[in-house]
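Analysis of the macromolecular model
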Amino acid sequence: MICLVVYIFPDPINMSDTQARPSNNIPDTDARKAWLSTLAKAPSERVLQLWAKAGLSPDHDILRSPEIGAVMVRGRAGATGSPFNLGEMSVTRCSVRLREGCVGHGYVQGRSKEHARIAALVDALMQTPLAPKVRVQMLQPLQKEARDAATSRQKKAAATKVEFFTMARGED
């Protein structure tokens, strides 16, 4: 099992600002984690393709322009051993504010600044009445592709499974 330890970048955006997010559209925390996870793990090319196809171009301000950094990836041997540093991974982050006031954040694996900007825009749009459209045109295709890829990996792994057995030796 591998777990991810994220070191927070300095100067976080002040989310206590009353303009940060309209109070009537605060998303469910678990749902927001799910769509941010989907966007973070999705291939950049696919996110860019779906964004272009969706035709979304909301008016927005860049709160934090896309910037590249690194996080330490940690692991545990056998999922139970002592944690160890596996290595660093590149991440890109971006924060935007829509004209309506919704703030979106995007943290994505890799070095694609446009992917991070789109992830932040999708996060912000998911807090507006456009959320159903964004869910259907962006998130559902990415989630389906991620499930299909996981199923494919599981089938390949299952095909290599070896069943061991022992025969009784008859010595009592």
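What counts as what
- Residues numbered from 1 in each chain as written.
- Predicted model: local features only at pLDDT ≥ 70, side-chain atom pairs only at ≥ 80, totals over all residues.
- Heavy atoms only, no water.
- Helix = DSSP H or I, 4+ residues; strand = E, 2+ residues; numbered from the N terminus.
- Contact = heavy atoms within 4.5 Å.
- pLDDT = per-residue confidence, 0-100.
- Salt bridge = Lys/Arg side-chain N within 4 Å of Asp/Glu carboxyl O.
- Buried < 20%, exposed > 50% of the residue type's maximum accessible area, 1.4 Å probe, protein only.

Digging into the environment of L125
Residue position: L125 is located in helix α3 (residues 113-125). It is 8.3 Å that separates the C-alpha atoms of L125 and P58, two residues lying 67 residues apart in sequence. Leave out the neighbours within four places in its chain, and L125 touches W51, L56, P58, L98, L130, A131 and V134.

A short note on the confidence of the model for the protein chain
Of the residues in the protein chain, 81% reach a pLDDT of 70 or more, and the chain-wide mean stands at 84. Element-level mean pLDDT values for the protein chain span from 42 in strand β1 (residues 2-5) up to 97 in α3. Under a pLDDT of 50 for its full length, residues 1-23 has, in the predicted model, 53 contacts with residues more than four places off or in other chains.

Notes on the pattern of salt bridges
Going through the model one piece at a time under the given rule, you end up with seven salt bridges. Of the charged contacts, one joins R117 and E114 as a salt bridge, the two residues approaching to 2.6 Å between their closest N and O atoms. With R117 and E114 both in helix α3 and three residues apart, this pair spans about one turn of that helix. On the basis of relative accessible area, R117 is assigned to the buried category, the value being 19%. A relative accessible area of 34% means that E114 is categorised as partly exposed. Each of the salt bridges in this network shares a partner with another, and the network as a whole consists of R64, E67 and R93.

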